[in-house]
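Here are the chains, one letter per residue:
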Amino acid sequence: MTTVCPTVTAFDLHEYREQVERVAPFATDLHIDLMDGEFAPTVSPKLDQIWWPHTIQVDIHLMYQKPMEHIEQLIKLNPRTVIIPAEADVHHMHFAGELHKENIQAGLAVLQDTSIEQLQGILHSFDQILIFSGSLGRHGGVANLKLLEKVRLVKELHPEAEIAWDGGIDARNAGKLVDGGVDVLNVGGYIQKSDNPQSAYDKLLAVIKQ
């Protein structure tokens, strides 16, 4: 069953609270973007400032240049998954191993210009592979459906992996992404910027059930 996961991408604590509270009444899962101003051009609230309702499962997308420096804080937060960039300055397999010791899933985010083939040596260390089609550290972006070829390659090389998509998801393309093999739809602007966030969320659920 495909999951619709509203995204929180905030630049201060007030905005963070607003975005969490906007989706908390209906979301079962949440994708929280965190940016360091180095790997991503924007800056989010810090790890020691974030929170979420205990009823919601959370994936943290850590868009940091040096994720290992924050591993202890991440473990204390105990999210479902921590996703780090394939392009970050980190020993990816070691990072994933430290999370697995604490029963936290490890995710690997892949930017558009990074090929799946060059990641073959580390793919199997990760539970989720996130195909990134958005704008780093911002809501919005365009769902480049040509990147579904990466989904096909991940399924071929690491069939046990959960495959997520981030960037440009709306009711017009959600069905195509699901048909292409995506398991987790991380949805930002389509929900957060809607006049009726729950209606937008429900519309996506209806589309992917067709």
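Refer to the preceding data block for the structure.
Residues numbered from 1 in each chain as written. Predicted model: local features only at pLDDT ≥ 70, side-chain atom pairs only at ≥ 80, totals over all residues. Heavy atoms only, no water.

1. Notes on the overall build of the protein chain
Which entries qualify depends on this criterion: Numbering of helices and strands runs from the N terminus; a helix is a DSSP stretch of H or I covering at least four residues, while a strand is a stretch of E covering at least two. Computation of the radius of gyration draws on C-alpha atoms, with the globule rule given as 2.2 Å multiplied by the number of residues to the power 0.38. Throughout this description, buried means an accessible area under 20% of the type-specific maximum (1.4 Å probe, protein chains only), exposed means over 50%, and partly exposed covers the range between. Contact definition: two residues touch when any of their heavy atoms are within 4.5 Å. In this description, accessible areas are obtained by the Shrake-Rupley approach with a 1.4 Å probe, and a residue is regarded as covered only by the protein chains that are shown. Counted charges follow a simple rule, with Lys and Arg positive, Asp and Glu negative, and His plus the chain ends left uncounted. Charge placement uses NZ in Lys and CZ in Arg. For Asp and Glu, CG and CD serve respectively.
What the protein chain contains, in helices and strands, is 7 helices and 8 strands. The globule rule puts the C-alpha radius of gyration for 210 residues at 17 Å, and the 16 Å found for the protein chain is close to it. Expressed as a percentage of its 210 residues, the buried residues of the protein chain come to 54%. Contacts spanning at least 24 positions in sequence make up 60% of the contacts within the protein chain whose residues lie at least 6 apart. Carbon and sulfur atoms provide 46% of the accessible area of the protein chain, an area that totals close to 9,500 Å². Here the protein chain carries 17 positive and 29 negative side-chain charges, and the mean point of each set is 5 Å from the other.

2. Here's the deal with the side chain of Ser44
With respect to the secondary-structure elements, Ser44 resides in the loop between strand 2 (29-35) and strand 3 (57-63). Note on Ser44: relative accessible area 5%, which makes it buried. In this structure, Ser44 is in contact with Ala10, Phe11, Asp33, Leu34 and Met35, ignoring residues within four places of it in sequence.

3. Remarks on the pairing of strand 8 (residues 184-187)
Here is the rule we go by: Strands are labelled as partners when DSSP assigns at least two bridges between them. Crossover handedness is defined by viewing with both strands directed away from the observer: a clockwise path from the first strand over the helix to the second marks the crossover as right-handed.
What you see with strand 8 is no split at all: Val184 and Asn186 on one side and Leu185 and Val187 on the other are buried throughout. Summarising the sheet, strand 1 (residues 3-8) and strand 8 pair through 4 bridges and their orientation is parallel. Note on strand 8: the bridge partner recorded for Val4 is Leu185. Here strand 7 (residues 162-166) pairs with strand 8 via 3 bridges, running parallel. Its bridge partner being in strand 8, Ala164 is matched across the sheet by Val184. Running through helix 5 (residues 174-179), the crossover from strand 7 to the neighbouring parallel element strand 8 is right-handed.

4. Some details on the nonpolar core
Our working definition: By convention a nonpolar core is built from buried Ala, Val, Leu, Ile, Met, Phe, Trp, Tyr and Cys residues, the set being connected through side-chain atoms within 4.5 Å.
By size, the foremost hydrophobic cluster in this structure holds 63 residues, and its most contacted members are Val4, Leu30, Ile129, Trp165, Leu185 and Ile191. Tallying contributions element by element places helix 7 (residues 197-209) first for this core, with 6 residues. In this view, Trp165 contacts Ile131, Ser133, Ala143, Asn144, Leu145, Leu147, Leu148, Leu177, Val182, Val184, Leu185 and Asn186; residues no more than four positions away in its chain are not counted. Counting 7 residues, the second largest nonpolar core, distinct from the first, contains Ala109, Phe132, Ala164 and Val184.

5. Things to note about the packing of aromatic side chains
The description of an aromatic ring pair uses the distance of the two centres, along with the angle that the planes make with each other. Applicable threshold: Two aromatic rings from Phe, Tyr or Trp, using only the six-membered ring of Trp, form a pair when their centres are within 6.5 Å; if the ring planes differ by under 30 degrees the pair is stacked, by over 60 it is edge-to-face, and anything between is tilted.
Within this structure, the stated rule accounts for 2 aromatic pairs. Between the aromatic rings of Tyr16 and Trp51, the centroid separation amounts to 5.9 Å while the plane-to-plane angle is 75°, which identifies the pairing as edge-to-face. Of this pair, Tyr16 sits in helix 1 (residues 13-23) while Trp51 sits in the loop between strand 2 and strand 3, and the two are 35 residues apart along the sequence. Judged by its relative accessible area of 29%, Trp51 falls in the partly exposed class.

6. Some thoughts on the environment of His100
Mapped onto the secondary structure, His100 falls in helix 3 (residues 92-101). As for His100 and Thr81, which are separated by 19 residues in sequence, their C-alpha atoms are 9.9 Å apart. Beyond its immediate chain neighbours, meaning those up to four positions away, His100 contacts Gln105, Ala106, Ser125 and Asp127.

7. Looking at the sheet that holds strand 2
For the record, the criterion: For every element, the axis is a line fit to its C-alpha atoms; helices are fit only across the contacting stretch, and the angle between N-to-C directions ranges from 0 to 180 degrees.
Within the closed barrel, the 8 strands sit side by side as 1-2-3-4-5-6-7-8. Their pairing is parallel. For this sheet, the mean angle separating the axes of adjacent strands, direction not counted, is 25°. Of the pairings in the sheet, the one linking strand 5 (residues 105-110) to strand 6 (residues 128-132) comprises 4 bridges and is parallel in character. The residue bridging Leu108 from the neighbouring strand is Ile129, located in strand 6. In the packing of helix 3 onto the sheet, the strands contacted are strand 4 (81-85) and strand 5, and the crossing angle to strand 5 comes to about 150°. Packing against the sheet, helix 7 makes contact with strand 1 and strand 8, and its axis sits at approximately 150° to strand 1.

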